Amino acid sequence: MTNAPIIPLTDNHQAGRRVDLSSGKYLKLWQGPQHPGITGNMSLELTVSGDEIVDLRTHVGYLHRGFEKLMERRTYIQNFPIVCRICVPEPDFNEYLYAATVEELAGIRVPERANWLRNLTLEMARLASFLQWIGGQTGAFGMGVIGQWGITHRDYVLDLFEELSGGRIYHMYIIPGGVRGELPEGFEERARAVLDKVENLLGDIERAMFHNAVFKDRAKGLGVIPREMIDSYGITGPNARAAGVARDVRKDQPYLLYDQLDFDVVTASGSDTYDRAWVRFQEIHQSLSLIRQMLTRMPKSGPIHTQLPNPLHWKIPAGQTYRRAECTRGEYGYYLVSDGSGYPRRVYVRGPSYTHAVALMESMAVGANIADVAGLMVSFHTYPPEIER
Amino acid sequence: MSLKDILSPLTVWRRTAEKPYTVIDPINDRPGAARYRGFHKNDMEACIGCGTCETICQNAAIDLVPVEGIETTNGDSGLRPQIDYGRCCWCALCVDICTTSSLTMSNEYIWVDTDPEVFRFVPGAENKPWDNSELGYSRAEGYQLLDPERVEMPELEPDTRLTSFIEMVQGYSAEQAKKEADRCVECGICMAACPAHMDIPGYIKAIRENDINGGLALMYQTNPFPASCGRICTHRCEEVCAINHTGDPIAIRWLKRYIADMADESDYQAITKTAEPERTEKVAIIGAGPGGLSAAYYLRLLGYQVTVFEAQPHGGGMLRYGIPEYRLPYDQLDKDIDLVASLGVEIKYNTRINGLKESNGPKESDGPGSDGGPAPSFEQLYQDYDAVFFSTGLPDPYTLGIQGEDHPRVISGISILEDVTAGKTPDLRKSVAVVGGGNVAMDAARTARRMGCEVTVLYRRREVDMPADEEEITEAKEEGVKFITQAIPVRIEDKPEAKGEQAAFVWGEAEMVDQGEDRRPKPVLQEDKIHTDLFDTVVPAIGQGSSLDFIPEDMAAKIGIIKYKIKVGLHGETGEPKIFAGGDISNRLKDAISAIADGHRAAKGIDRYLRENQSKKETS
Amino acid sequence: MPDTQYSEIIDFALKREKEAVQFYTELEHIAQFASQKELLGEIKGMEQGHVKILENLKTKSPEAIRVERVPNFMASTYLVEAQPAKDMNYQDILIIAMKREDRSHALYEELLQQTENPELRKIFEMLAGEESKHKRFFEDLYDKYVQPDN
Ligand SMILES: Cc1cc2nc3c(=O)[nH]c(=O)nc-3n(C[C@H](O)[C@H](O)[C@H](O)COP(=O)(O)OP(=O)(O)OC[C@H]3O[C@@H](n4cnc5c(N)ncnc54)[C@H](O)[C@@H]3O)c2cc1C
Ligand code: SF4
Ligand code: SF4
């Protein structure tokens, strides 16, 4: 069989290994592009031997909507409603970072209370996103019931978003200049009630998920990211922290009011699926604490928005900037270039998923078995929508 | 694997007894939050169809469309936004930017239908179940996309103003002008309200883009008096400005002035070059006021040979002899007039056209012609020229019509203003009563203040009814003018001891009597509430009339005069094909910009008339 | 009411209105300019209208008479009437007209006071109303065109 297809392997895969499909020892499997678990539309091309993965290639492109390009054709204000759509579970980071880059180049100062409200929503977004991840992580290991609790409690947080911003998913709340509205009457009490409810749930989750023989068995040792990969792959967020790297934009380069809030960077050392889950779990507790701190310490009134130049003619001085923030999955960044016109010259969105879902996944899957692929994928906590801007 | 890890998950067993989290009947049990961004609502009465919502919508989900029952009026385009929910992303930017705050959203988000067409409709115009819903998104307090505040105009302090006739409004700096220009949403509602239909959004944009020349050229397309109008225009445009609904209107007039101030002479020359070939037809224009000179300008641009006849020694009409220098400095008026003259328009000053049938020499009152010869008669112009346009204004002040008005201490407002322009000092003395509440009254009162008088304005109705610009009333007050409203003149008496040196002004208090909906209340004298005040001078400034005696009778019959006004068509046509008229003698609004617009339209009318004439000649 | 009395009164009123027409015709002759003549012509036309109405009344029964009363705003009470002159302006002519209507109105009001007869009263009321309506018309013109600023 001279024409047997040979799949070349990249350096990332075990060196020198070649897979001869015609040998009959291997099978190709596709996972996705329908949601493999809760990771969105991308697909994994598995080459398996028995149920062991010998090679994995990631395929993206199912979700490409060309946001970055679209933004070059829209005025600065018109981009405000679309940035949130880049990432469904954590839209607010897009809103915040877009606003922050625009404000920096345009020299706009945001009122203090607006910064508190922004910070509050970013932490609420983290909470909602973590709760959704619980759904994915447990679901992928066949523990869907726990997942339902997570998803439900995320919905309670979305209720808060809905009353604050008028939308459950796409909040469009953080707008250049500030935010679009005050906290509704009685918001604080309702928010605290939701936080208590989540806290109550966390106890159960700890018992049912983290002290669960099945979960431990499957998650421990799965997908161990070697410490030395962290920097060379540009790994951030809980994926890095679970490997013992205390990297967190909120501490390293504090934005909004994080330098005034009380929290520690959570780390672990095992760098496997279990430890990553544990770091996230601790960060849910951390989010609850941060939100409570903010509700207590936030000034009770004050301006929420700075008057912008007329958005219909708004031109922004030429310049460029990169701003970043810590979302649940790591570093989220916006790079904005202005040529002085009314339209951005270039917007580049750096989501953590690109690194974590594409390159990292290709490396880490080899050697795992088929049944663990979904759980492994979720353990990197990636959202394909922000891979494909 | 420890035993604990097997037993631990079982400790959450009580969750199995929980009720489901799912909302069973979301349509009824789960209405959108109070701020939910659901289907739009629009208050049809408040919306003005400015289309700003359409401009901002990045999804092009909005089209402005005609709606049955909504008329196009001054300040309302008559269109309303139609929203295509196949495109809308519910961002509510349209709500945030709505100039009138008419557009909001309901909290309704569920609507199922098999006909896709229904999802494109005009909110507010087609009854929807959520139209009256209290809940839903609207722009929050403390957050707005459009700046409601006008850039403040630097002005002289009232004390400084009173010491001279220096212009009190100082003009915007480049930075201020740009900031003010930035507030415009370019809806163009103002253009319809401007009697000359100036391209206001266009020249405001030119300011934003630092294109002074472009702005000036745009202004000259419809108005050859930008420096003057930039100061004294009645700015009807600002009244209807979309931003006026929730904030201060754009300072359109000051922006116009900014362009005129910034443009230097070479800019002026550059924009007014005419490409039209010279034409041989001659047009005579009577009156070098804004109406006459506007007609002259546009006729000259079309290549006609234009001669303007003006009774006074200088041009500008009431802009010069009425409006005081502190509002419109003469050099600014001259700048506008000089440009018209520089195009080759001949202006014969000191030349009063008379009504004599045959020109048998000037009357005593008529000045000589500028060439030293007698001033021509109307008849002569009619004979010698291919067309005649006249815009002779309203020079005759009406009197109070009351007893004792022939008292020597009664001087009309117009004559005071005219004297000051001519460099004479009107004999006002100390205490002055000005009667009336229009611009002439304000100008006379404030002029008197600048001459050191104590001034009281007496007006028949309430302050809100005063036809004078609100600004002028405020400024007059700042300058120390006192106001007595609801004061009806009764008679003027001479106190024997004052020997004609002081007038006793008798006036009565008015009661405002309601006249039903659309009419303003009428002031009715209360005969038991009569007051007498002594003044050194009483200044009636209640209105002016035309003086049309320069038109011979037979000609007048053909031209068509109704109630002392010239009856004209859309292009200034009178009953006599060769004769056109405009300005205060024919229009309703009686301000500079209307006269300018009349002049422009008449120029078009005359051009059409002369071309038709020519083609008739050629074919015959 | 005896018919004679009724038609006598109509005749009396008719005479007055015809006099008015005559008055304005004379003014037209005095007037020098077209603008004056145009206005006087218009006012004369209104008086001729009155003549018509009265002539029609002769054949109608008093029951058919509609009475319309217009409040007196005293807008012209303190105005001074100019002498008819060749250079009368708009203001002068309007004051003349208002004053005339005012006087006619006063006359009919007085006649009204002097009679008890309900049918006669009705006619006088009607005539007084007509005159004040006219006066009101001129007052409105005066407000609008002569003293727009007051
Ligand atoms: C005191 C005052 C303040 C005003 N303020 C404002 C203001 O703030 N804003 C505004 O927009 N408008 C204002 N107006 C109104 C404005 O001035 C007029 O609407 C405008 O000037 C009308 O222009 P016009 O060309 O019709 O007539 P005019 O400006 O009156 O010009 C008529 C010209 O014809 C000449 N003329 C008349 N008869 C003859 C003849 N027989 N032969 C030769 N020449 C003749 C006159 O000398 C005069 O120069 C004001 C008017 C007055 C009186
Ligand atoms: S912005 Fe507001 S006022 Fe203007 S058309 Fe839209 S809804 Fe109407
Ligand atoms: S809500 Fe947004 S997308 Fe919808 S019509 Fe308004 S501006 Fe357009």
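Residues numbered from 1 in each chain as written. Chains lettered and ligands numbered in written order. Predicted model: local features only at pLDDT ≥ 70, side-chain atom pairs only at ≥ 80, totals over all residues. Heavy atoms only, no water.

A closer look at the overall build of chain B
Item 1. If you tally the helices and strands in chain B, you get 22 helices and 21 strands.
Item 2. Each of the three principal axes of chain B carries a C-alpha extent, and together these read 130 × 75 × 45 Å.
Item 3. By residue count, 57% of the 620 residues in chain B fall in the buried class.
Item 4. In chain B, the share of contacts with a sequence separation of at least 24, taken over all contacts with a separation of at least 6, comes to 70%.
Item 5. Of the roughly 26800 Å² that chain B leaves accessible, carbon and sulfur atoms contribute 49%. (Helix = DSSP H or I, 4+ residues; strand = E, 2+ residues; numbered from the N terminus. Buried < 20%, exposed > 50% of the residue type's maximum accessible area, 1.4 Å probe, protein only. Contact = heavy atoms within 4.5 Å. Areas by Shrake-Rupley, 256 points an atom, 1.4 Å probe, with all protein chains shown as cover.)

A closer look at the sheet that holds strand β16 (residues 522–535) of chain B
Across a sheet, strands are paired by hydrogen bonds formed along the backbone, either parallel or antiparallel in direction.
Residue and element names in this part refer to chain B.
Item 1. If you walk across this open sheet you meet the three strands as β14-β15-β16, and the pairing is antiparallel. In this open sheet, the two edge strands, each paired with only one partner strand, are β14 (487–494) and β16. On average, each strand axis in the sheet is inclined to that of its neighbour by 20°, with strand direction left out of account. (Pairing = 2+ DSSP bridges. Axes fitted to C-alpha atoms, helices over the stretch in contact; angles between N-to-C directions.)

Some details on the domain arrangement of chain B
Residue and element names in this part refer to chain B.
Item 1. Domain annotation of chain B identifies domain 1 (40–137), domain 2 (170–270), domain 3 (276–395 + 547–619) and domain 4 (397–544).
Item 2. Distance from the C-alpha centre of domain 1 to the C-alpha centre of domain 2: 30 Å.
Item 3. Contacts between domain 1 and domain 2 engage 11 residues on the former and nine residues on the latter.
Item 4. Carbon and sulfur atoms supply 68% of the area buried between domain 1 and domain 2, which totals about 740 Å² over both sides.
Item 5. Of all residues in domain 1, Ile48, Asn74 and Thr99 bury the most surface against domain 2, accounting for 49% of the area lost on that side.
Item 6. Counting across the domain 1 and domain 2 interface gives zero salt bridges. (Domains from an automatic or database assignment. Buried area = accessible area lost by both parts, 1.4 Å probe. Salt bridge = Lys/Arg side-chain N within 4 Å of Asp/Glu carboxyl O.)

Here's the deal with the site of ligand 1
Residues and elements named next belong to chain B.
Item 1. The environment of ligand 1 is made up of 35 residues, and the closest members are Ile232, Glu310, Arg327, Ser391 and Asp584.
Item 2. Note that a nitrogen atom of ligand 1 is positioned 2.9 Å from one of the backbone N or O atoms of isoleucine 353.
Item 3. Taking aspartate 591, its main chain carries an N or O atom lying 3.4 Å from an oxygen atom of ligand 1.
Item 4. Burial of ligand 1 by the protein chains amounts to 94% of its free accessible area of 990 Å². (Near = heavy atom within 4 Å. Polar contact = N/O pair within 3.5 Å; in protein donor to acceptor, adjacent residues only side chain to side chain.)

What to know about the interface of chain B and chain C
Item 1. Counting residues at the interface gives 40 residues for chain B, matched by 32 residues for chain C.
Item 2. Of the roughly 3100 Å² buried between chain B and chain C on both sides combined, carbon and sulfur atoms contribute 53%.
Item 3. The three residues of chain B that bury the most area against chain C are Tyr398, Lys563 and Tyr564 of chain B, which together make up 25% of that side's buried surface.
Item 4. A salt bridge links lysine 522 of chain B to aspartate 140 of chain C, with the nearest nitrogen and oxygen atoms 3.3 Å apart.
Item 5. The interface formed by chain B and chain C holds 16 residue pairs in polar contact (both at pLDDT 80 or more) in total.
Item 6. When contributions to the side of chain B that touches chain C are tallied by element, the ones reaching two or more residues are α19 (439–450), β14, β16, α21 (553–559) and β19 (561–562) of chain B.
Item 7. The dominant element in the side of chain B that touches chain C, judged by the number of residues it contributes, is β16 of chain B, at four residues.
Item 8. For the side of chain B that touches chain C, the per-class residue count stands at 19 nonpolar, 10 polar and 11 charged. (Nonpolar A, V, L, I, M, F, W, Y, C, P; charged D, E, K, R; others polar.)

What to know about empty space enclosed by the protein
Over the atoms, a rolling probe the size of a water molecule traces out where space has been left empty.
Item 1. Throughout the structure, instances matching the rule amount to nine cavities of 30 Å³ or more.
Item 2. By volume, the largest cavity amounts to about 210 Å³.
Item 3. Taken together, 16 residues line the largest cavity, and the ones lying closest to its centre are Arg460, Ile488 and Pro489 of chain B together with Ala75 and Leu79 of chain C.
Item 4. Where the lining of the largest cavity is concerned, the elements lending two or more residues are β14 and β16 of chain B.
Item 5. No other element matches the three residues that β16 of chain B contributes to the lining of the largest cavity.
Item 6. Along the lines of polarity and charge, the residues of the lining of the largest cavity split into 13 nonpolar, two polar and one charged. (1 Å grid on protein atoms, 1.4 Å probe; cavity = no way out; pocket = protein on both sides within 12 Å on 5 of 7 lines; lining within 4 Å. Points joined across faces, edges and corners; volume = space filled by probe spheres on them.)

Remarks on the sheet that holds strand β7 (residues 305–309) of chain B
All names here are of chain B.
Item 1. The strand order across the open sheet formed by five strands is β8-β7-β6-β9-β21, and the pairing between neighbours is parallel. The outermost strands of the open sheet, each flanked by one partner alone, are β8 (346–348) and β21 (579–581). On average, each strand axis in the sheet is inclined to that of its neighbour by 20°, with strand direction left out of account.
Item 2. Along the sheet face, helix α14 (residues 290–301) touches β6 (282–286), β7, β8 and β9 (387–390) and points at about 170° away from the line of β7.

Details of the site of ligand 2
Item 1. Neighbouring ligand 2 are 13 residues; Cys47, Cys50, Cys53, Cys98 and Thr100 of chain B lie closest to it.
Item 2. A per-class count over the shell around ligand 2 returns seven nonpolar, six polar and no charged.

Comments concerning the packing of helix α18 (residues 413–421) of chain B against α19 of chain B
Residues and elements named next belong to chain B.
Item 1. Taken N-terminus to C-terminus, the directions of α18 and α19 make an angle of 55°; their axes are 9 Å apart at the nearest point. Classed by the angle they form, the pair α18 and α19 counts as oblique. By crossing handedness, the relation of α18 to α19 is classed as left-handed. Where α18 approaches α19, its residues Gly413, Ile414, Ile416, Leu417 and Val420 are matched on the opposing element by Val440, Asp443, Ala444 and Thr447.
Item 2. Residues belonging to the contact of α18 with α19 are distributed by class as follows: six nonpolar, two polar and one charged. (Parallel < 35°, antiparallel > 145°, perpendicular 65-115°, else oblique. Left-handed = near helix turned anticlockwise from the far one by under 90°.)

Remarks on the pairing of strand β10 (residues 344–350) of chain A
Residues and elements named next belong to chain A.
Item 1. Relative to β10, strand β9 (residues 330–338) runs antiparallel, the two sharing six bridges. Note that in β10 the partner of tyrosine 335 across the bridge is tyrosine 348.
Item 2. The antiparallel pairing of β9 with β10 creates a hairpin that spans five residues between the two strands, and glycine 340 there sits at a positive phi of about 95°.

Some remarks on the interface of chain A and chain B
Item 1. The partner chain B presents 48 residues to the 47 residues of chain A that form the contact.
Item 2. Roughly 3700 Å² of surface becomes buried between chain A and chain B when both sides are summed, with 52% attributable to carbon and sulfur atoms.
Item 3. At the boundary of chain A and chain B, one finds six salt bridges.
Item 4. Put simply, arginine 30 of chain B and glutamate 162 of chain A hold a salt bridge, and the shortest N to O gap is 2.6 Å.
Item 5. Joining chain A to chain B, the criterion identifies 28 residue pairs in polar contact (both at pLDDT 80 or more).
Item 6. Listed by contribution, the elements that provide at least two residues to the side of chain A that touches chain B are α2 (76–83), α5 (144–165), α6 (187–210) and α7 (213–219) of chain A.
Item 7. Per element, the largest residue contribution to the side of chain A that touches chain B is nine residues, and it comes from α5 of chain A.
Item 8. For the side of chain A that touches chain B, the class distribution of residues is 20 nonpolar, 15 polar and 12 charged.

Considering the pattern of salt bridges
Item 1. According to the stated counting rule, one finds 81 salt bridges over all chains in the structure shown.
Item 2. Here lysine 44 of chain C makes a salt bridge to glutamate 28 of chain C, at a shortest N to O gap of 2.8 Å. Separated by 16 residues along the polypeptide, lysine 44 of chain C in helix α2 (residues 34–58) and glutamate 28 of chain C in helix α1 (residues 3–30) bring together distant segments of the chain.
Item 3. The exposure class assigned to lysine 44 of chain C is buried, which follows from its relative accessible area of 18%.
Item 4. Each of the salt bridges in this network shares a partner with another, and the network as a whole consists of Glu155, Arg161, Arg327, Asp443, Arg446, Arg450, Glu472, Glu475, Glu478 and Glu479 of chain B.

As for unusual backbone geometry
Residues and elements named next belong to chain B.
Item 1. A positive phi angle, near 55°, is found at glutamine 486, a position not held by glycine.
Item 2. Phi is positive for lysine 563, close to 50°, though the residue is something other than glycine.
Item 3. Overall, the relative accessible area of 16% leaves lysine 563 in the buried class.

Considerations on the packing of α2 of chain C against helix α4 (residues 118–146) of chain C
Residue and element names in this part refer to chain C.
Item 1. Running from N to C, α2 and α4 cross one another at 165°; their axes reach a closest spacing of 12 Å. The orientation of α2 relative to α4 falls into the category roughly antiparallel. Crossing hand, α2 versus α4: right-handed. In this structure, α2 contributes Ile43, Met46, Glu47, His50, Ile53, Leu54 and Leu57 to the contact, and α4 contributes Met126, Leu127, Glu130, Glu131, His134, Phe137 and Phe138.
Item 2. Considering only residue class, the contact of α2 with α4 consists of nine nonpolar, two polar and three charged.

Observations regarding helix α4 (residues 112–140) of chain A
Item 1. Taking 1.5 Å per residue, 29 residues should reach 42 Å; α4 of chain A reaches 42 Å between its end C-alpha atoms and fits that length.
Item 2. In the segment just after α4 of chain A, glycine 142 of chain A is the residue with positive phi, at about 75°. (Expected span 1.5 Å × (residues − 1).)

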